[in-house]
Amino acid sequence: IEADVVYKCTGMMPNTAMLADSPFASSFGFRDSVEVNGRLQVDGHPHVYCVGDMMSHSSRELKLGHTAEVNAHLAAHNILADLHRKPLLTYPNGITGADSTPKIYCLSLGKYDAIMGFNELVLCGWYVAV
């Protein structure tokens with residue numbers, strides 16, 4: 001798949017400054033993120049997808065690495081589906097099979113201690129640090 005432009009956007013705040021004077025500025029939402037529809041397309045631009053920290057979706061998901069990966073899987077699927085004139089999936093159900101993405105985190109508390117969470121399950125202790 002070829003693209004005319006790919007923007008690398010990382011960090012806590014959406015790095016959308018380069019879009020401020022573009023047609024996409026009208027799609028800015030919360031903290032200047034690009035608002036997308038249920039298929040991760042920028043409204044009014046059906047062949048433009050936005051994922052990761054740069055976009056905001058009605059699910060108000062946490063901006064974590066694994067959610068950006070889920071975004072990317074759905075956007076990639078939808079780009080290919082669109083090219084082959086097949087139905088597009090909706091986010092996040094089209095990838096996760098659920099109405100939300102899983103909440104996954106791991107926090108080191110030192111060399112031999114950590115906390116790991118997966119949705120409602122939280123594990124603590126040395127075995128998590130291993």
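Keep in mind that what you see is a predicted model, and the values were worked out from it rather than measured.

Draft legend 1. Up close: the sheet that holds strand β6 (residues 114-118). Strand order in the open sheet made by the 3 strands is β5-β6-β7, with antiparallel pairing throughout. Only two strands of the sheet have a single neighbouring strand rather than two, namely β5 (104-108) and β7 (121-125). Shown here is a sheet whose adjacent strand axes are inclined to one another by a mean of 10°, direction ignored.

Draft legend 2. Just the nonpolar core, in detail. By size, the foremost hydrophobic cluster in this structure holds 13 residues, and its most contacted members are V34, V36, L40, C50, M54, M55 and Y91. Sorting elements by how many residues they give to this core places helix α1 (residues 65-83) first, with 3 residues.

Draft legend 3. How the structure looks around unusual backbone geometry. Following Y91, the chain continues into P92 via a peptide bond in cis, with omega recorded as -5°. Relative to the helices and strands, P92 resides in the loop between α1 and α2 (93-96). Not every positive phi belongs to a glycine, and D32 is a case in point at roughly 60°. Residue D32 is classed as partly exposed on the basis of its relative accessible area of 43%. Notably, N119 is not glycine yet its phi reads approximately 55°, a positive angle. Relative to the helices and strands, N119 is located in the loop between β6 and β7. When its relative accessible area of 35% is taken as the criterion, N119 is described as partly exposed.

Draft legend 4. Representation of α1 within the structure. Taking 1.5 Å as the rise per residue, α1 with 19 residues should run 27 Å; its terminal C-alpha atoms sit 27 Å apart, in good agreement. Where the residues of α1 are buried, they touch β3 (45-49), β4 (55-56) and α2. R85 occupies a position one or two residues after α1 and carries a positive phi of about 55°.

Draft legend 5. Region of interest: the packing of aromatic side chains. Applying the stated rule across the entire model yields 1 aromatic pair. Taking 5.9 Å as the distance between ring centres and 90° as the angle between the ring planes, the aromatic pair formed by W126 and Y127 counts as edge-to-face.

Draft legend 6. Highlighting a nonpolar patch on the surface. The grouping of Y112, W126, Y127 and V130 at the surface amounts to a nonpolar patch, some 590 Å² of accessible area in total. Along the polypeptide, V130 turns up in the segment after α3 (126-129). Judged by relative accessible area, V130 falls into the exposed class, the value being 81%.

Procedures and definitions
Residues numbered from 1 in each chain as written. Predicted model: local features only at pLDDT ≥ 70, side-chain atom pairs only at ≥ 80, totals over all residues. Heavy atoms only, no water. Pairing = 2+ DSSP bridges. Helix = DSSP H or I, 4+ residues; strand = E, 2+ residues; numbered from the N terminus. Axes fitted to C-alpha atoms, helices over the stretch in contact; angles between N-to-C directions. Core = buried A, V, L, I, M, F, W, Y, C linked by side-chain atoms within 4.5 Å. Buried < 20%, exposed > 50% of the residue type's maximum accessible area, 1.4 Å probe, protein only. Expected span 1.5 Å × (residues − 1). Contact = heavy atoms within 4.5 Å. Phe/Tyr/Trp six-rings, centres within 6.5 Å; stacked < 30°, edge-to-face > 60°. Patch = residues over 30% accessible without salt bridge, like charges linked within 9 Å, V, L, I, M, F, W, Y side chains within 5 Å. Areas by Shrake-Rupley, 256 points an atom, 1.4 Å probe, with all protein chains shown as cover. Salt bridge = Lys/Arg side-chain N within 4 Å of Asp/Glu carboxyl O.

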